[in-house]
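A structural walkthrough
So you can see what is in the structure, the chains are spelled out below.
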Amino acid sequence: MLKADGKYIDTLPVQQLLSQEEARVDRITIEVDRYYGTHDLADFLFVMRGILPSGGETEAVLEKETDEDVIRLCWEVGPGFTQEAGTLVLDLFAYRYEEAADPDEDPPDYLLRYQLPPVQVRAVPVCSSYEGAGDAV
């Protein structure tokens, strides 16, 4: 489980968890404070965005469970996050629209971003062959 300290989330516990081409095998729980300043985040939508080594992007809407003082988010790491080996930059954000806003036209009324250190996606091991491999002696 990862826990937010204000808007900072230490990713060290999952630094070496992800491997290239994995899909939906890891579910990471992230615990954040329910209240940030005067905002109750229970009504916010939480999204994890990943920026791949090539510069491509992927994202996932996180499931959430709200308690009295905390919100537990569940991030099921999909294949978009592990399609490339290397440094995966994470961007967790929460946002909310006012009732009269049009999400297709208007920017969110409230947007909160958490800071997360990047994590590594381990490359798929490659077997190297050499001349004479498999010859019996």
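Below, the structure is looked at part by part.

Cut-offs used in this document
Residues numbered from 1 in each chain as written. Predicted model: local features only at pLDDT ≥ 70, side-chain atom pairs only at ≥ 80, totals over all residues. Heavy atoms only, no water. Helix = DSSP H or I, 4+ residues; strand = E, 2+ residues; numbered from the N terminus. Rg over C-alpha atoms; globule rule 2.2 N^0.38 Å. Buried < 20%, exposed > 50% of the residue type's maximum accessible area, 1.4 Å probe, protein only. Contact = heavy atoms within 4.5 Å. Areas by Shrake-Rupley, 256 points an atom, 1.4 Å probe, with all protein chains shown as cover. Lys, Arg positive; Asp, Glu negative; His and termini not counted. Charge placed at Lys NZ, Arg CZ, Asp CG, Glu CD. Phe/Tyr/Trp six-rings, centres within 6.5 Å; stacked < 30°, edge-to-face > 60°. Pairing = 2+ DSSP bridges.

Observations regarding the overall build of the protein chain
In terms of regular secondary structure, the protein chain is built from zero helices and 13 strands. Starting at the N terminus and ending at the C terminus, the protein chain contains elements arranged as β-β-β-β-β-β-β-β-β-β-β-β-β. For the protein chain, the C-alpha radius of gyration of 19 Å lies well beyond 14 Å, the compact-globule estimate for 137 residues. Oriented by its inertia axes, the alpha-carbon framework of the protein chain measures out at about 75 × 35 × 20 Å. In the protein chain, which comprises 137 residues, the share counted as buried stands at 36%. A fraction of 66% describes how many contacts in the protein chain between residues 6 or more apart in sequence connect residues 24 or more apart. Carbon and sulfur atoms provide 47% of the accessible area of the protein chain, an area that totals close to 8,500 Å². Within the protein chain, one finds 11 positive and 28 negative side-chain charges whose respective centroids are separated by 4 Å.

Topic: the side chain of Glu 31
Within the secondary structure layout, Glu 31 lies in strand 4 (residues 27-33). Since its relative accessible area comes to 16%, Glu 31 is described here as buried. For Glu 31, the contacting residues outside a window of four places in its chain are Met 1, Leu 2, Lys 3, Ala 4, Val 70, Ile 71 and Arg 72.

Considerations on the packing of aromatic side chains
In total, this model carries four aromatic pairs according to the counting rule given. Considering the side-chain rings of Phe 44 and Tyr 110, the 6.4 Å spacing of their centres and the 45 degrees angle between planes classify their relative orientation as tilted. On the criterion of sequence distance, the pair formed by Phe 44 in the loop between strand 6 (39-40) and strand 7 (45-51) and Tyr 110 in strand 12 (residues 110-114) is long-range, its members being 66 residues apart. Classification of Phe 44 by relative accessible area gives buried; the value is 4%. Relative accessible area serves as the criterion here: at 27%, Tyr 110 is assigned to the partly exposed category. An angle of 85 degrees between the planes, with centres 5.7 Å apart, marks the rings of Tyr 95 and Tyr 97 as edge-to-face. Given a relative accessible area of 19%, Tyr 95 falls into the buried group. We classify Tyr 97 as partly exposed; its relative accessible area is 24%.

A look at the pairing of strand 10 (residues 70-76)
Among the seven residues in strand 10, five count as buried, and that is most of the element. Pairing analysis gives seven bridges linking strand 4 to strand 10, with the strands arranged antiparallel. In the strand pairing of strand 10, Arg 27 is matched with Glu 76. The sheet contact formed by strand 9 (residues 63-66) and strand 10 spans four bridges and is antiparallel. Pairing of Glu 63 across the sheet is with Cys 74, part of strand 10.

Quick notes on the sheet that holds strand 1 (residues 2-5)
Read across the open sheet, the five strands follow the order 2-1-4-10-9; overall the sheet is mixed. Strand pairing shows two members of the sheet lacking a second neighbour, strand 2 (8-9) and strand 9, which therefore form its edges. Pairing of strand 1 with strand 4, which is carried by two bridges, proceeds in the parallel orientation. From the neighbouring strand, Leu 2 faces strand 4, where its bridge partner is Ile 30.

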